[in-house]
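Chains, contacts and geometry: an overview
If you want the building blocks of each chain, they are given just below.
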Amino acid sequence: MSKSVILFFLFSFSGIFAQTVKITGNVKSSDSRNLAGVNVFLDVNKKQMQVVTDSSGNFSENVSSGELLIKIDHLDYISKKINFNIISDTVISIVLEKDISHLKEVIISNEKKSGIKNLSGGKLSFNLKELNAVPTLLGTTDVIKLLQLTPGVQNSGDANGYLYVRGGDPGHNAILYNGTPVYGMSHLLGIFPFYNADHIKSVEFDKSSSNAKYGGRLSSTTLLLPNKNIPSEFSIQGNVGILASQLTLAVPVDDKTGFYISGRKTYIDEIVGPILKSGSNNDVQNMKYGFSDANITFLSQVSKKNLFSITAFFSADELKIKDENLALKTSLKWSNFTVSPSLTTTFSPKVSMSNSVYFSQYSNDLHMEQATIRFGVSSYVKDFGFTNAVNFSIHNIPFESGLQYAYHDLQPQKVDVENLTTIDNYSQRKIDANEAAIFINAKPKLFENLSADLGLRINYYTSGSDSYVHFQPRVVMNYSANEKYSFYASYNRQYQYLSLITTSSVGIPTDFWIASSNGIKPQLSNEFSVGSNQNITRNFSSSFGGFYRSMKNLLEYPYGITQFNEITTLKNDLYVGKGNAYGFEMMLKKSNGKFTGWLSYTLSWSERNFDELNNGKTYFAKYDRRHNLSVVGMYDLNAKWNFGITQIFGSGNRFTMPTSWYFVNNNPVKEYSGYNNAQMPNYIRTDLSANYYFIKTAKKESALNFSIYNTFNVSNPIYVVLDVEVNENKDKVVVKQEEKVLYRILPSVSWRFKF
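Now for a look at the structure at hand. (Residues numbered from 1 in each chain as written. Predicted model: local features only at pLDDT ≥ 70, side-chain atom pairs only at ≥ 80, totals over all residues. Heavy atoms only, no water.)

Overview of the sheet that holds strand β10 (residues 116-118)
For clarity, the cut-off: For two strands to be treated as a pair, DSSP must find at least two bridges joining them. Strands here are runs of E lasting at least two residues and helices are runs of H or I lasting at least four, both read from the DSSP assignment and numbered beginning at the N terminus.
Reading across the sheet, the six strands line up as β10-β11-β16-β17-β14-β15 and stay open at both edges, with mixed pairing between neighbours. Single-partner strands in this sheet number two, and they are β10 and β15 (180-181).

Regarding the pattern of salt bridges
Pairs may arise between side chains of opposite charge once their charged atoms sit close together. The following threshold applies: In what follows, salt bridge is the name for a side-chain nitrogen of Lys or Arg lying within 4 Å of a carboxyl oxygen of Asp or Glu. Under the scheme applied here, a residue whose accessible area is under 20% of the maximum for its type counts as buried, over 50% as exposed, and between as partly exposed, the area being computed with a 1.4 Å probe on protein chains only.
Evaluation of the coordinates by the stated rule reveals 17 salt bridges. Taking the shortest distance from any N to any O, the salt bridge between aspartate 169 and arginine 608 comes out at 2.9 Å. Residue aspartate 169 is located in the loop between β13 (164-165) and β14 (174-177), and its partner arginine 608 is located in strand β37 (residues 595-610); the two are separated by 439 residues in the primary sequence. In this structure, aspartate 169 and arginine 608 share a single accessibility class: buried. Residue lysine 207 pairs with glutamate 585 through a salt bridge whose shortest N-O separation is 3.0 Å. Placement of lysine 207 in the loop between β16 (200-206) and β17 (221-226) and of glutamate 585 in strand β36 (residues 575-590) is noted, with a sequence separation of 378 residues between them. Within this structure, Arg166, Lys207, Glu527, Arg549 and Glu585 form a network of salt bridges that share partners.

Describing the sheet that holds strand β2 (residues 39-44)
By way of backbone hydrogen bonds, the strands of a sheet pair with one another, either parallel or antiparallel. As a reminder, the rule being used: Interaxial angle, 0 to 180 degrees, is taken between N-to-C directions of lines fitted to C-alpha atoms, where a helix line uses only the stretch in contact.
Spatially, four strands are ordered β3-β2-β5-β6 in an open sheet, and the strand pairing comes out antiparallel. Either end of the sheet is taken by a strand with one partner, and the two such strands are β3 (47-52) and β6 (80-86). Averaged over all adjacent pairs, the angle separating strand axes in this sheet is 20°, with direction ignored.

Focus on unusual backbone geometry
Residue asparagine 396 is not a glycine yet carries a positive backbone phi of 65°. On the secondary structure map, asparagine 396 appears in the loop between β25 (373-394) and β26 (397-418). Not every positive phi belongs to a glycine, and asparagine 553 is a case in point at roughly 60°. In this structure, asparagine 553 sits in strand β35 (residues 540-556). Since its relative accessible area comes to 22%, asparagine 553 is described here as partly exposed.

What follows is the structure in structure tokens.
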């Protein structure tokens, strides 16, 4: 390591300025909710700086001793100023009051709120409660579809609950429910919201996964954070619709213990069948589908310094199809289960520690019967893990460090085939793997307006005879020019040991997970990004950014299901290649007034290179979608009505299409010019929603939601089928292209309540 690098780290991790002190604070609302994304302006000795509260409402900054003025600004709350003389390290708690108006004994809350906030390094924070006007099918906020409306995230189209972030594969994204990985991703191909937004307090989305605490994915990290405030009184809220219903209870046991419990259930057996066959010529005579899920969060303040919690998530889906004309019976089941007890200990205002263990399981099972043949394919992935994290400071520089361990148990596709005379059972080899990591993050202040988020993650991974040690640095530099303009630049190195193998262009639940083993190397990514945030006015803000990502050891599986023979192995069946992705992102937000919303646009390229595909030449990836545009608008007409609209445009997915046909022994033969040489039609969708409120206060709510998904009934195909026919003289090939559409316009009505 060069002297300059050594001097840089010594400079970064030491007390740079003499006579500096640390101001540490927490910002809460008047109802004791921690407020994330609050702008805190610090003015000491006529030097100004800005910090933003994290997901727990905390902030910290190093300042010179002297007269300190703190300004706290939040669109939903009354601004506050605090002035005092700071001479030593200080801890402060700040409570903000709601910005409300009183008129003739009727309280009118200020509903012009920002549901999305920009955090440092290009990360985003979502307040789901403030986004209930965004149109969704069930009238409840859909976390995955919200993420697809933001820069850098490509719309995945219909029949897909996956995320495509910055040109990566769908399996490159980590979704953590209270720190526990969730491997299943959707209800019925993404039609219905997968996560119950009533049970989730907030969402943090990091497109680059720049926090060293999180690893194991090449692309993004999404944190789903349940409520960690012990309920002070009993409350009930939910949603009753024509397709599904949900219910959430907040139950205090005593002043130090309480829990939240949620459940959802669908009753759409008679509805989903016509929806699914609306764009198909297949005569599906009997189709049944159902899903249910549940969440629970138990909280107990066991002592003044210790908070104990248990969070759990469960989901189950089943799709049955019966066609007597084909003598066909099909059953597809998939489920998720996670549970995580944790203990958070606060030793002092400067030192805290959290410890948690978790279990996560995802499984799917496809069973088919046709005439005398029975066919089954199934897979699962199980995780058992432990996470430790300690927050502390050295020389007034905040640190977070800890260690993690995970045991992975995977069964890739297991196949059973049975007919009247033979039974053939074949399973891809089960994989066991161990993964351990230590991490450290630091946030030094380098200069007056320049700060850094520095992190290092060291992973040790072993499975069978394969073992790896990987160093993964994370660097984010933040420069704040003034209260209106800030800039960032980042570099992240990621390794991924568990990989999702997709078997089709849509996200069907038969996709399966494998682990690096027996010569299958971990995937690797290096990402560079730059960007800026601008507070144009009190109402308008914008962000711009660009990224470049290089990827190695990418995996491609050319078979729809596992091969039926005893000698094949995953290593022989998988193609290994490389890729890169790059693009430009922008977002314009309006966060105040009767009309709020945002515009998001992404221009990106995603390329792949596999020796076995396209004659070894570079080609566009399946997930390459050049343009992605999303416009979201929410309008508060009055205290009774608000409206929402979503307009989406996305370039079509890539796929491979024959370019010519010729005859061999009177049989038509297809000829291809290149891999992924064709593109699906552009994806266009307009959604509308309206909410009518019978009651709307801080503690009570009763509202009707009217939503229309794909309002203008645009046909967005999920794949294309090519039928090749030969004329009677067998001298001409006739090619017919048929676009398969899963669903078109989908209206819904639901009643949302809270008491």
